[in-house]
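# Results of the structural survey
Residues per chain are reported as follows:
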Amino acid sequence: DQQVKQNSPSLSVQEGRISILNCDYTNSMFDYFLWYKKYPAEGPTFLISISSIKDKNEDGRFTVFLNKSAKHLSLHIVPSQPGDSAVYFCAASADSNYQLIWGAGTKLIIKP
Amino acid sequence: DAGVIQSPRHEVTEMGQEVTLRCKPISGHDYLFWYRQTMMRGLELLIYFNNNVPIDDSGMPEDRFSAKMPNASFSTLKIQPSEPRDSAVYFCATSLVRADTQYFGPGTRLTVL
């Protein structure tokens, strides 16, 4: 039972354009959502998060949008840079459960 | 702080051998997590500790896997005996209070021949 789904295994975007990575979840108890970025041979690193009381959170080039009614969140990267090429994981947690539930990841490739 | 430290970074062993993976968490972090990453199953939570106490080990695949946290600055994940299907990257992660923002170590790439 995949509670957090990233349906696109990979995404290719031109440098300078917007990258949009999507994530869907099924558990309505999730109240905190995070995006992690992972380079090869390294552990995932925290990128940005959003609480369920918000619908948008922005940090520089990165913006996360949350649509609770659709149980959908997305990560926007504008403008995309070559260093953004990595695997991006969506994760979610519920206040009552001190665990992160992870998506399968989306590999983002930024083309020069 | 040096971040989460894992050792070894790479381990190659033969089937049937005992493997021990080590993790030093970030000082002051109350939660410690062991994950396994494979191509087929992605990132799987194996077990996590809160204040050195194992809370949920439901992700441990079988009895061949065991994890300990004898003190706040050290944890081990042991596989005995190891099998080729255990080949994966094993990550240790820690968090300060709530278990959502986790900090990952660089991982141990385990190959069982």
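A brief look at the structure comes next.

## Observations regarding the sheet that holds strand β7 (residues 65–71) of chain B
Residue and element names in this part refer to chain B.
- A sheet is described by the order of its strands in space; here four strands give the open sequence β1-β3-β8-β7, paired in antiparallel fashion. A strand with exactly one partner marks an edge of an open sheet, and here the two such strands are β1 (5–7) and β7. On average, adjacent strands in this sheet sit at an angle of 15° to one another, irrespective of strand direction.

## Brief notes about the side chain of Lys38(A)
- Looking at the element boundaries, Lys38(A) is found in strand β4 (residues 30–38).
- The buried charged residue Lys38(A) lacks any salt bridge partner; its closest oppositely charged side chain belongs to Glu42(A), at an N-O distance of 7.8 Å.
- Within the local environment of Lys38(A), its side chain forms a polar contact with the backbone oxygen of Glu42(A), the two atoms lying 3.0 Å apart.
- With residues near it in sequence (within four places) discarded, Lys38(A) still touches Gly43(A), Pro44(A), Ala86(A), Val87(A), Phe89(A), Gln37(B) and Phe91(B).

## Description of the packing of aromatic side chains
All names here are of chain A.
- Scanning the model with the defined rule gives 15 aromatic pairs over all chains in all.
- An angle of 55° between the planes, with centres 4.9 Å apart, marks the rings of Tyr 36 and Trp 102 as tilted. Taken together, the residues Tyr 36 in strand β4 and Trp 102 in strand β10 (residues 97–102) connect sequence positions 66 residues apart. An identical accessibility class is assigned to Tyr 36 and Trp 102; each is buried.

## So, the interface of chain B and chain A
- Listed per partner, the contact involves 18 residues of chain B and 19 residues of chain A.
- Remark: the boundary between chain B and chain A carries zero salt bridges.
- For the pair chain B and chain A, the number of links is three residue pairs in polar contact (both at pLDDT 80 or more).
- Looking at the side of chain B that touches chain A, the elements with two or more residues in it are β4 (31–38) and β5 (42–50) of chain B.

## Digging into the state of the cysteines
Residue and element names in this part refer to chain A.
- Summed over the entire model, instances satisfying the criterion amount to two disulfides over all chains.
- Here Cys 23 is linked by a disulfide to Cys 90, with a sulfur-sulfur distance of 2.0 Å. Its torsion about the S-S bond being -75°, the disulfide of Cys 23 and Cys 90 is classed as left-handed. One end of the pair, Cys 23, is in strand β3 (residues 19–25); the other, Cys 90, is in strand β9 (residues 86–94), and 67 residues separate them in sequence.

Rules of the game
Residues numbered from 1 in each chain as written. Chains lettered and ligands numbered in written order. Predicted model: local features only at pLDDT ≥ 70, side-chain atom pairs only at ≥ 80, totals over all residues. Heavy atoms only, no water. Pairing = 2+ DSSP bridges. Helix = DSSP H or I, 4+ residues; strand = E, 2+ residues; numbered from the N terminus. Axes fitted to C-alpha atoms, helices over the stretch in contact; angles between N-to-C directions. Buried < 20%, exposed > 50% of the residue type's maximum accessible area, 1.4 Å probe, protein only. Lys, Arg positive; Asp, Glu negative; His and termini not counted. Salt bridge = Lys/Arg side-chain N within 4 Å of Asp/Glu carboxyl O. Polar contact = N/O pair within 3.5 Å; in protein donor to acceptor, adjacent residues only side chain to side chain. Contact = heavy atoms within 4.5 Å. Phe/Tyr/Trp six-rings, centres within 6.5 Å; stacked < 30°, edge-to-face > 60°. Disulfide = S-S within 2.5 Å.

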